[in-house]
Amino acid sequence: MISNKNKMIAGELYDPIDPQLLEERKRGHDTAERFNRADSDDERKGIIKTLFGSTGQNITVEPALRVDYGYNIHVGENFYANFNCVFLDVCPITIGDNAMLGPGVSIVTAEHPLPSEERNSGMEFGRAITIGDNCWVGTHATIVGGVTLGNNCVVAAGAVVTESFSDNVVIGGVPARIIKRIE
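If you check an unreviewed UniProt entry, the protein appears there as Maltose O-acetyltransferase from Alkalibacterium olivapovliticus. The record in UniProt for the protein states the following under Sequence similarities (unreviewed entry): "Belongs to the transferase hexapeptide repeat family."

Here it is, written out as structure tokens:
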């Protein structure tokens, strides 16, 4: 039988109150709180490297940080996340090299079924998010599950990204659309 954790990571319906997931989510929340209370950049960097699934060597994450689990977050080299970012990582979040997140960015893989009967059952699912190299996500933008952003993308402040976009574009709006191409 497939565990709820494996179902969750695979994007299948799963039970979020499974004891293993409750324990791992609490560990993620507690570790993020320890990160938020840390006294130095070096201490925060050390905590992030244990919280995230994988990181480049040169990363900076500003407090306050919120995660579901942490271990489904993978960031590349030269990653920067400004204050108050949220990563709901029930499915993998993969971010390439040289990526920057503005303050208050939300990257949310978690979803709920649309039919009320299924939603009321408490079951959930998620969809992975991939952000390419050299991407910049502006302040208070939201990226939802199932999205892939190509390399060299810029997401305007306040955008809600609900679909995937290819390389070299500036996107913005609610829902986000291509504003222009980057030469």
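Still more to cover.
Engineer: What should I look at first to understand the pairing of strand E5 (residues 85-88) in this one?
Structural biologist: Every regular strand shows the same layout, with side chains that alternate between the two sheet faces. Burial of E5 is one-sided: the residues Cys85 and Phe87 facing one way are buried, the residues Val86 and Leu88 facing the other way are not. Note: strand E2 (residues 65-67) against E5, three bridges, orientation parallel. Across the sheet, Leu65 pairs through a bridge with Cys85, a residue of E5.

Engineer: Any chance you could explain the sheet that holds strand E6 (residues 93-95) here in plain terms?
Structural biologist: Whenever strands of a sheet pair, they do so through backbone hydrogen bonds, lying parallel or antiparallel. In spatial order, the strands read E3-E6-E11-E14; together these four strands make up an open sheet with parallel pairing. Looking at strand neighbours, the two that pair on one side only are strand E3 (73-75) and strand E14 (148-149), the edges of this open sheet. In this structure, strand E11 (residues 129-131) lies alongside E14, joined through two bridges in parallel fashion. Note that in E14 the partner of Thr130 across the bridge is Thr148.

Engineer: Explanation requested: the state of the cysteines in the structure shown.
Structural biologist: By definition, a disulfide links the sulfur atoms of two cysteines through a covalent bond. Evaluated as defined, the whole model comprises zero disulfides. For the unlinked cysteine Cys85, the closest cysteine sulfur is that of Cys135, found at 14 Å. Note on Cys85: relative accessible area 2%, which makes it buried. We note that Cys135 lacks a disulfide partner, and the nearest cysteine sulfur, in Cys153, lies 4.6 Å from it.

Engineer: Even after reading the chapter, I still don't get the environment of Gly138, so can you show me in this structure?
Structural biologist: Along the chain, the position of Gly138 falls in the loop between strand E12 (136-137) and strand E13 (142-144). Separated by 38 residues in the primary sequence, Gly138 and Ala176 place their C-alpha atoms 12 Å from one another. Aside from chain neighbours lying at most four places away, what touches Gly138 is Gly102, Val105, Val155, Ala156 and Ala157.

Engineer: What exactly am I supposed to notice about unusual backbone geometry here?
Structural biologist: Phi is mostly negative for residues that are not glycine, and the peptide bonds are mostly trans. Looking along the chain, the bond that leaves Pro63 and enters Ala64 is cis, with omega of -5°. Here the amide bond leading from Val174 into Pro175 is cis, since omega sits at -10°, within 30 degrees of zero. Within the fold, Pro175 resides in the loop between strand E17 (169-172) and strand E18 (177-181). For Asn78, which is not glycine, the phi dihedral falls at a positive 60°. Mapped onto the elements of the fold, Asn78 is located in the loop between E3 and strand E4 (79-81). Judged by its relative accessible area of 34%, Asn78 is partly exposed. Residues other than glycine seldom take positive phi values, yet Asn98 does so here, at roughly 60°. Its location among the elements puts Asn98 in the loop between E6 and strand E7 (100-101). Judged by relative accessible area, Asn98 falls into the partly exposed class, the value being 35%.

Criteria and cut-off values
- Residues numbered from 1 in each chain as written.
- Predicted model: local features only at pLDDT ≥ 70, side-chain atom pairs only at ≥ 80, totals over all residues.
- Heavy atoms only, no water.
- UniProt positions renumbered as here; feature names shortened; annotations may be inferred.
- Buried < 20%, exposed > 50% of the residue type's maximum accessible area, 1.4 Å probe, protein only.
- Helix = DSSP H or I, 4+ residues; strand = E, 2+ residues; numbered from the N terminus.
- Pairing = 2+ DSSP bridges.
- Disulfide = S-S within 2.5 Å.
- Contact = heavy atoms within 4.5 Å.

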